[in-house]
Amino acid sequence: MTKLSSEEISKIPDLLLSLDDNNQNIALQLLELHPYAIPKLLIPIEVFLAFYPESQLINLVQQVLPSFQLEKSPIYLLHLILNNGDYTHTDKNLFKRFAINELNYRPWLLKTPARAAVYAEVGTIFCQHSDLFEKGLQYYELAINNGAKTSHIMLCYLASLQEKYTANSTLEIHKTQIITHYNQIYQEQPHQDILYNLASFYQHDLNDKLAAIETWKRCIQLYPKFNRAIFALAHFLFEENKWEEAKNFALKSLHLTLSSVYYNLDETYYLLGAIEWKGFQNLPAAETYFEKALEENEFYYQPLQALMELSLENEEYTKAIRWHKLALQESPFDIPLMLQIAELYLEVYDLEQARLYYSEILELNAAYPPALEGLKKIEQL
């Protein structure tokens, strides 16, 4: 069989890394027929194996190069990323190995936007480590500048930029840059999450309340069933004491949730309860919503805490006992909570139950003064 020329061998990687299955098959057949070409093409072959780990090409490579091990490849990090491998507990040397060597692989990785997108994945990982953060931003930019400009990648990149500028206290200086990026992304790829993140940026990072509300409302107007945004605006308006608007949006969120447009029903009920309580002093309505929140999620502590406070505020001690005892099931050795229950039993003149809880406290802390005083009070009644 005639040997392939250097020029013919040099054409194999483009076929191998083509997104066309037929081209890939031609390249694999050529490598099977001409295995001597493999050592000359090891870098593009490693790139291929990162994206296609199940390919039989690995066996052919190991026949020609017995010492070849995929896990020793300089870009093994990509293999883990692309194939759901666990890179979270790996030694940082794996990251450094990639950073030192990836330039050799870059021409092949940047052949198509689909492959370039893997640099964004690397950027996400690197940005989780302070000493690799700047390198992570560079990888994001490399992906974006080579066509991998999906809304998801852009939002992750902007989140990392915000983190950087917040950490070095230059967010105010760079805020126009961030906002411009958000608006450009939305013009190129309109998506509800872009407006959601922009509204969150105005609200949480810049404390620009007016811009936040305007952007939330713009988002909801364009995407009327985007329940996460509706709930976020309702919660923000609640924090701003805009009770009527907060209630309207919270009810809208509730209606959508009950119509199967998902959001956490327990959180929606809790928010409505808080609005009725703090905003309108409608205690019966607040209590109903808090109870519904608790029915939806028995482990959701905030509505339970609200019910405890509400019953005490109303001096409804029997209800208060019920809610406090329910809370005690989650924290059975909470002495202040046990003390509260004992004192509530005193309020309703159930001395036996009060004595029982004071005694249980003393079993946990024999010298606890409030419990000793409580027992003494019972003896004097």
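Our structure is the block above this text.
Residues numbered from 1 in each chain as written. Predicted model: local features only at pLDDT ≥ 70, side-chain atom pairs only at ≥ 80, totals over all residues. Heavy atoms only, no water.

Trainee: I would appreciate a short explanation of the packing of aromatic side chains in the present structure.
Mentor: Think of a pair of aromatic rings as described by two things: how far the centres are apart, and how the planes are tilted against each other in angle. A full pass over the atoms with the stated rule returns 16 aromatic pairs. Three or more aromatic residues joined by ring pairs make a cluster, and in this case those are Phe95, Phe98, Tyr119, Phe126 and Tyr139. One cation-aromatic arrangement involves Arg218 over Tyr186; the distance from NZ or CZ to the ring centre is 5.3 Å. Its guanidinium or amino end placed over the ring of Tyr196, Arg228 lies 4.2 Å from that ring's centre, counting from NZ or CZ. (Phe/Tyr/Trp six-rings, centres within 6.5 Å; stacked < 30°, edge-to-face > 60°. Lys NZ or Arg CZ within 6 Å of the ring centre and 35° of its normal.)

Trainee: What is the right way to look at the nonpolar core in this model?
Mentor: The nonpolar side chains of a soluble globular protein tend to be buried with one another. In this structure, Leu31, Ile45, Leu57, Leu77, Leu78, Phe98 and Trp216 are the most contacted members of the largest nonpolar core, which totals 105 residues. In terms of residue count, helix α14 (residues 227–239) provides more of this core than any other element does, nine residues in total. Core analysis: the next-biggest nonpolar cluster, separate from the first, contains 32 residues, Ala306, Ala320, Ile321 and Leu339 among them. (Core = buried A, V, L, I, M, F, W, Y, C linked by side-chain atoms within 4.5 Å. Buried < 20%, exposed > 50% of the residue type's maximum accessible area, 1.4 Å probe, protein only. Helix = DSSP H or I, 4+ residues; strand = E, 2+ residues; numbered from the N terminus.)

Trainee: Is there a simple way to think about the pattern of salt bridges in this case?
Mentor: Opposite charge on two side chains lets them pair, provided their charged atoms get close. In total, this model carries 14 salt bridges according to the counting rule given. For the salt bridge of Lys209 with Glu240, the shortest nitrogen-to-oxygen distance reads 3.3 Å. With a gap of 31 residues between them, Lys209 in helix α13 (residues 209–222) and Glu240 in the loop between α14 and α15 (243–258) connect regions that are remote in the sequence. As a salt-bridge pair, Lys319 and Glu287 come within 3.0 Å of each other at their nearest N and O atoms. In this pair, Lys319 sits in helix α19 (residues 317–330) while Glu287 sits in helix α17 (residues 283–296), placing the two residues 32 residues apart along the sequence. Classification of Glu287 as buried rests on a relative accessible area of 15%. (Salt bridge = Lys/Arg side-chain N within 4 Å of Asp/Glu carboxyl O.)

Trainee: Help me out: how do you make sense of helix α21 (residues 351–364) in this one?
Mentor: For an α-helix the count is 3.6 residues per turn, leaving residues at separations of three or four pointing the same way. An ideal rise of 1.5 Å per residue puts 20 Å on 14 residues; α21 measures up with 20 Å between its terminal C-alpha atoms. Listed as buried for α21 are Ala354, Tyr357, Tyr358, Ile361 and Leu362. The arc enclosing the buried residues of α21, seen along the axis, measures out at 145 degrees, which places them on a common side. Exposed side chains of α21 directed beyond 90 degrees from the buried face belong to Glu352 and Glu363. Close packing links the buried residues of α21 with α19, α20 (335–347) and α22 (369–380). (Expected span 1.5 Å × (residues − 1). Arc of directions from axis to C-beta. Contact = heavy atoms within 4.5 Å.)

The values are spatial; any link to function lies outside them.
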